Amino acid sequence: MSGAVSIDDLVAWIHAFRDAVQQHKDELTRLDSEIGDADHGSNMARGLDAVVAKLDPAPASAGDLFKTVGMTLVSSVGGASGPLYGTFFLRMGPALSADEVDATTLGAALRAGVEGVVARGKAELGDKTMIDALSPALDAWDAAVADGSDAAGAARAAADAAARGRDATEPLVARKGRASYLGERSAGHLDPGATSATLLIEALRDTLTDAA
C-alpha cells in the first residue's frame, strides 16, 4: 500500500509526542499558570512518560496501542487533560483495525478521536480549548487527502492548520474549562490545551515525514 502508516509509525508518533511535551513542558505550564491550574505541562509530561513505559514491547495492533495509551492517560494525568486526551486515543483505536493504514483511514481515526473529545468536553470551535487546534487540523487533513496527499502530506497540512488554530485562541474569551472562570481576563493568552494539541499533530507530521 503506497504511503501506508505502520504500527511502528504510530508507536513512533506517541514517542515523539512525549518528547515534544517534555521539551515544551515549562511553556505549557507557564501558559496554564496564566489561565488555569499551572499544571498542564507537568501533568502531560508525567502521563506520557507512563504511556511510553508501557510501549515496550510495542503493542501488536493499532487498536491495542491506542487502548493502552488512552487508558494510561486517563489513569495518570490529572485535571481535564487526562480524560480528554485519553478519550481521544481510546476513540481512535477501533477505527484502526488493519496492521497498516492509509491517509483516509488515519484521518477517520483522528476524527473519531476528536469527536470523542467534543462529546466528553462539550467544547466547540471558538471556546478556547484544544478543539480550536484539532478541528481545523482535521479539516486540513481531509482537504489534503481529497487533493491526493498521502498521510505525510496530510499531516503537514494538518500541523500548519493546528498552529494557526492555536494562535487564534489568544484573543478569545474562554467559554469552557477553568479558564472560563476568568471571563474577559482569559483573553490575551494562548490556550494551553490548544498548544499541546498542536504538539500532538506536529509530532505526527514529523514522524510520518521521517518515515516517508
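Quick caveat: nothing in here was measured; it's all calculated off a predicted structure.

Chemist: Whenever I open this one, the nonpolar core confuses me. Can you help?
Modeler: When a protein is soluble and globular, its nonpolar side chains tend to lie buried together. Core analysis: the largest hydrophobic core is formed by 59 residues, its most contacted members being W13, F66, F89, M92, L106 and W141. Counting residues per element, the ones that place at least two in this core are α1 (7–23), α3 (40–53), α4 (62–76), α5 (81–92), α6 (103–121), α7 (131–146), α8 (151–167) and α9 (192–211). Ignoring any residue separated from it by four or fewer positions in sequence, one finds W13 in contact with F66, F88, F89, M92, L110, L200, A203, L204 and T207.

Chemist: Hey, could you run me through the packing of aromatic side chains in this one?
Modeler: Each pair of aromatic rings is reported with the distance of its centres and the angle of its planes. As enumerated under the stated definition, the model contains 5 aromatic pairs in all. Ring plane angle 40° and centroid distance 5.9 Å describe the contact between F17 and Y85, whose orientation is recorded as tilted. Separated by 68 residues along the polypeptide, F17 in helix α1 and Y85 in helix α5 bring together distant segments of the chain. The residues F17 and Y85 share a single accessibility class, namely buried. Aromatic rings pair up to connect W13, F66, F88 and F89 into one cluster.

Chemist: In this structure, what is going on with the environment of A53? I would like to understand it.
Modeler: Along the polypeptide, A53 turns up in helix α3. When the C-alpha positions of A53 and A168 are compared, they lie 34 Å apart, and in sequence the two are 115 residues distant.

Rules behind the numbers
- Residues numbered from 1 in each chain as written.
- Predicted model: local features only at pLDDT ≥ 70, side-chain atom pairs only at ≥ 80, totals over all residues.
- Heavy atoms only, no water.
- Core = buried A, V, L, I, M, F, W, Y, C linked by side-chain atoms within 4.5 Å.
- Buried < 20%, exposed > 50% of the residue type's maximum accessible area, 1.4 Å probe, protein only.
- Helix = DSSP H or I, 4+ residues; strand = E, 2+ residues; numbered from the N terminus.
- Contact = heavy atoms within 4.5 Å.
- Phe/Tyr/Trp six-rings, centres within 6.5 Å; stacked < 30°, edge-to-face > 60°.

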